[in-house]
Amino acid sequence: MSEPAPDSAASSAAAAARHADRYGKKPPARRLWLMVLLGVGVVVAGFAVAYLGFQKYGPKAIETEQLGYVVVDDSTLEVRMKVTRDEPQRAVVCFVRAMDRDGAEVGRREVLVPGSGSPAVQVTTTVKSSARASAGDIYGCTEDVPAYLRLP
């Protein structure tokens, strides 16, 4: 029970027509190029998002860690912190603040961390406050040291 072989071009044309009716016509080539172009666009967008994420959340040039704080009296807070730098020989300035129970800032201090041979240094500073502080916080650090804090 074998099927007869097509013996003319007419029967192969009829088979092609049946095939097109059943499965549809072959998509134009430009759709393939559109899909390739969209795929490349998605990959480029992924790399852009990864780059921006690394810039924002990747390792920073200056990292700080609060080691603790002590409320000395109603107007004084002592804060201990660890500062780690990529370039330890460069001085940095850190902003330390005292906060009351509600989280409002009641005192602030700029702390000069001079250059050293070690990438990580521990610093203890005293912050004067206008009201009793209940917490200390390191607001941030920068390598842009103001002129009035620079050592001669």
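Since the model is a prediction, treat every value here as computed from it, not as a measurement. By convention here, each chain's residues receive numbers from 1 onward along its written sequence. Thresholds applied to this predicted model are a pLDDT of at least 70 for local features of residues and 80 or more for the giving and counting of side-chain atom pairs; totals over whole chains, interfaces and linings are not thresholded and use all residues. Excluded from the side-chain calculations are hydrogens and water; all other atoms, namely the structure's heavy atoms, are used.

1. Considering the sheet that holds strand β6 (residues 135-142)
The strands making up a sheet are joined through hydrogen bonds of the backbone, oriented either antiparallel or parallel. Here a strand pair is declared whenever DSSP counts at least two bridges between the two strands. By the criteria applied, helices consist of DSSP H or I runs no shorter than four residues and strands consist of E runs no shorter than two, each listed in order from the N terminus. Judged by pairing direction, the sheet is antiparallel, and its 3 strands sit side by side in the order β4-β3-β6 without closing on themselves. Edge positions in the open sheet fall to β4 (105-113) and β6, since each of these has one partner strand only. Along the sheet, successive strands turn relative to each other by an average axial angle of 20°, direction set aside. Both strand β3 (residues 92-99) and β4 contribute to a ladder of 8 bridges, which runs antiparallel. The residue of β4 that forms the bridge with Phe 95 is Glu 110. Whenever a helix is involved, its axis is fitted only over the stretch in contact; in every case the axis is a line through C-alpha atoms, and angles between N-to-C directions fall within 0 to 180 degrees.

2. Quick notes on the pattern of salt bridges
A carboxyl oxygen of Asp or Glu within 4 Å of a side-chain nitrogen of Lys or Arg is what we treat as a salt bridge. Here the structure, examined in full by the defined rule, presents 6 salt bridges. Arg 97 is the salt-bridge partner of Asp 137, the closest N and O atoms lying 2.9 Å from each other. Of this pair, Asp 137 sits in strand β6 while Arg 97 sits in strand β3; the two residues are 40 residues apart in sequence, bridging distant segments of the chain. Each of Arg 97, Glu 105, Arg 108 and Asp 137 takes part in a single network of salt bridges with overlapping partners.

3. Comments concerning the state of the cysteines
Disulfide: a pair of cysteine sulfur atoms within 2.5 Å of each other. With the rule as written, the count across this model stands at 1 disulfide. Here Cys 94 engages in a disulfide with Cys 141; their sulfurs sit 2.0 Å apart. Note on the Cys 94 and Cys 141 pair: the S-S dihedral is about 105°, so by sign convention the disulfide is right-handed. Taken together, the residues span a long stretch of sequence, with Cys 94 in strand β3 and Cys 141 in strand β6 at a distance of 47 residues. The classification of residues rests on relative accessible area computed with a 1.4 Å probe and restricted to protein chains. Under 20% of the type maximum is buried, over 50% is exposed, and intermediate values are partly exposed. A residue is classified by how much of its surface remains accessible, and Cys 141, at 22% relative accessible area, is partly exposed.

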